[in-house]
Amino acid sequence: NMWTAKCSYVRKLLPPLEGGEYDRKKKESVTKFLIYRLWGQLKSTLLEDRVDYFGLGRYRLEHWIGSHPSIKPCELHNVSVSFERMITSNMTADDYAWGMGPRRAEVVDEFPDARERIENDEDAQFREYFFLPGNLLKWFTLYGSEGVPSQSSWAFKFFPAGDKWKELVRVHGVNAIEEMAMQSSYGFQSSYATNNDGKGGFQIEHEDEKYFSDSISPLVVFYHISIPPNDKKLSALHALKSQLDVLSKGQYDIISRSYHRQRHVILYYTIAGNSTKIGFFTKICQDPSNHLTCRKLGELPSAEANSGESLRNLHKFCLAKPSQSVTYISNTLPGTYGVNKTESFSMQKIRAHTTAVTSKMCLKKRDTCNVCGSEFYPLPFNHFIGNTFTASCDYVKDLLPPEKFENAMNDAAGDTLVSQLRRAVTTELFPFTPQNLGLDQYSVEHWIGSHPDFEPCDVAPVRHSWFPLFTGGSYLPNDFTSSRSYDFMWARAPRRSSAPVGQLSRKTETMATETDNIVFREYYYLAGNLFRWFKLYNKAPPQNSWVWQWYPSGNEWMQGAKKHGSDVVTKLSKPFWDEGVPF
């Protein structure tokens, strides 16, 4: 990192001050890459994840002089001089020969077979961070429109896939990377319609106000309906009809194992996809014997997008009616990122989850619970199976508006990925995926359990294996396929396995809980949760929260939060950090 440079070039560079604009934007460019990589749109095959390779922290100075696209490098060592010889051998006059650079491919060899693996893979070369994508991201983020390299730049000639990137840059300029991402087959999207700014309060029909004056409050349901255009349409309609059947029958009672109509149902619904096939929906809503008041909030053209619109309206309702409770359901079950097998429209499971959240047990107000669902799990993030729930509006009103929450989760995920690069956090329990981090459309699955005041309860039965010698006495998944009579039992949660059945082995979790190096850095334990709670809501859970008893080393974390506030994660985990740089 020694050089002689023209001041006319150096003046173009951002000052390399610690904590300054260069430092901040350099981190921003790395964050963008890490998110693109998580979605599968960019790769880093050539080198391992190390802060020095990405120019973070004290290594920013090594990257600074070459950080502008107008650089025209030249060098003195001839091509035959390797990096090893430069630092270990005496140099002679024959080893010097001035010439324009770059004249050598790389000076590191962590993965000696990496170049061979991508040599004949054009798509891999096109997406390789250490080729053009990383440089373009850096140049665009640091210097904006001035960071667009000229069409005659040596970079387009030197790096693989240069012609392809050259054309993208010519057409799209600083948006070339974003355009590549949009053209990729890997889909990420916002959960919210772009033509809805989220402003304005919730409008309750005048004739509906009478239900809120009754001695027994109405059952207020926000319903996201998805009707796909493909062969799953029939399954989606069956699930929809089954849920309407539950709502029109009343609220499930565990004692009689039957439905009792105690509350009038106000159903606020949004339809995503083809709405021409749901004539039966209108008929059921108009039948006075069903005690259903149906209010359509909107239609969305795609069955895949904008599932957050119903949550946006639910949040607005709670701001208007903080003394009420509210229920969220959908005729679609969330899938698992990266897993093609799906039960998106499993009628039996959807019916069971709908019955659970509209049951008398979930609707009963309790001081010890503010969100009730079928089955609650703290890992890999606070969630209820099916992402259906009944919640107190007094709790919901304090949540971030769902569209702001999506943006905040994207920011938090970026910071977390950089922390992983610095080896400040571990991922021993689960890998990072867009779903586990709550990126973009997956934020809707994280929203309801995101607040530090969250107090969950659930009603699905807890079932253990009959054969502990073979399974370690593990929990079994509930099977809702054989009956419409449910053995529900209310209790505070969590009370079953840490994660849904099959997602986390007992051996892995035991190892993690017994190792301080993991307990104080593991993202899926309190290190990650406290980071998000402070970033999103600027507070930790109260001292009587379930989290301090449930998570490993909870008392140490609770005392640390009292003492250090928002710095608690850094203070408690920093002794275990390891940047992984071997010198």
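Residues numbered from 1 in each chain as written. Predicted model: local features only at pLDDT ≥ 70, side-chain atom pairs only at ≥ 80, totals over all residues. Heavy atoms only, no water.

(A) Summary view of the overall build of the protein chain. Looking only at helices and strands, the protein chain has 27 helices and 16 strands in total. Evaluated residue by residue, the protein chain yields a buried proportion of 53% over its 583 residues. A sequence separation of at least 24 residues applies to 75% of the contacts in the protein chain between residues at least 6 apart. Mean positive and mean negative side-chain charge positions of the protein chain (67 and 65 charges, respectively) differ by 4 Å. (Helix = DSSP H or I, 4+ residues; strand = E, 2+ residues; numbered from the N terminus. Buried < 20%, exposed > 50% of the residue type's maximum accessible area, 1.4 Å probe, protein only. Contact = heavy atoms within 4.5 Å. Lys, Arg positive; Asp, Glu negative; His and termini not counted. Charge placed at Lys NZ, Arg CZ, Asp CG, Glu CD.)

(B) Spatial organisation of the environment of Gln-251. Following the sequence through the fold, Gln-251 ends up in strand β4 (residues 251–253). Distance in space between the C-alpha atoms of Gln-251 and Gly-373 is 14 Å, their sequence separation being 122 residues. Setting aside residues no more than four positions away along its own chain, Gln-251 makes contact with Leu-219, Ser-258, Tyr-259, His-260, Arg-261, Gln-262, Arg-263, Val-265, Thr-358, Ser-359, Lys-360 and Leu-363. Of note is the side chain of Gln-251, whose polar atom sits 3.0 Å from the backbone nitrogen of Gln-262. Within the local environment of Gln-251, its side chain forms a polar contact with the backbone nitrogen of Arg-263, the two atoms lying 3.1 Å apart. (Polar contact = N/O pair within 3.5 Å; in protein donor to acceptor, adjacent residues only side chain to side chain.)

(C) Representation of the sheet that holds strand β12 (residues 389–392). Pairing is mixed across the open sheet formed by eight strands, whose spatial order is β7-β6-β3-β8-β12-β9-β13-β16. Here the strands that pair on one side only, and so sit at the sheet edges, are β7 (292–300) and β16 (491–492). Judged from the eight bridges that link them, strand β6 (residues 265–273) and β7 form a sheet pairing that is parallel. In the strand pairing of β7, Tyr-269 is matched with Lys-296. Those strands touched by helix α12 (residues 233–249) are β3 (219–227), β6, β7 and β8 (325–330), and its axis lies near 170 degrees from that of β3. (Pairing = 2+ DSSP bridges. Axes fitted to C-alpha atoms, helices over the stretch in contact; angles between N-to-C directions.)

(D) Quick look at helix α15 (residues 347–357). For α15, a buried count of eight out of eleven residues is recorded, marking the element as mostly surrounded by other parts of the structure. Buried within α15 we find Ile-350, Arg-351, Ala-352, His-353, Thr-354, Thr-355, Ala-356 and Val-357.

Remember, this is a structural readout, not a statement about activity or role.
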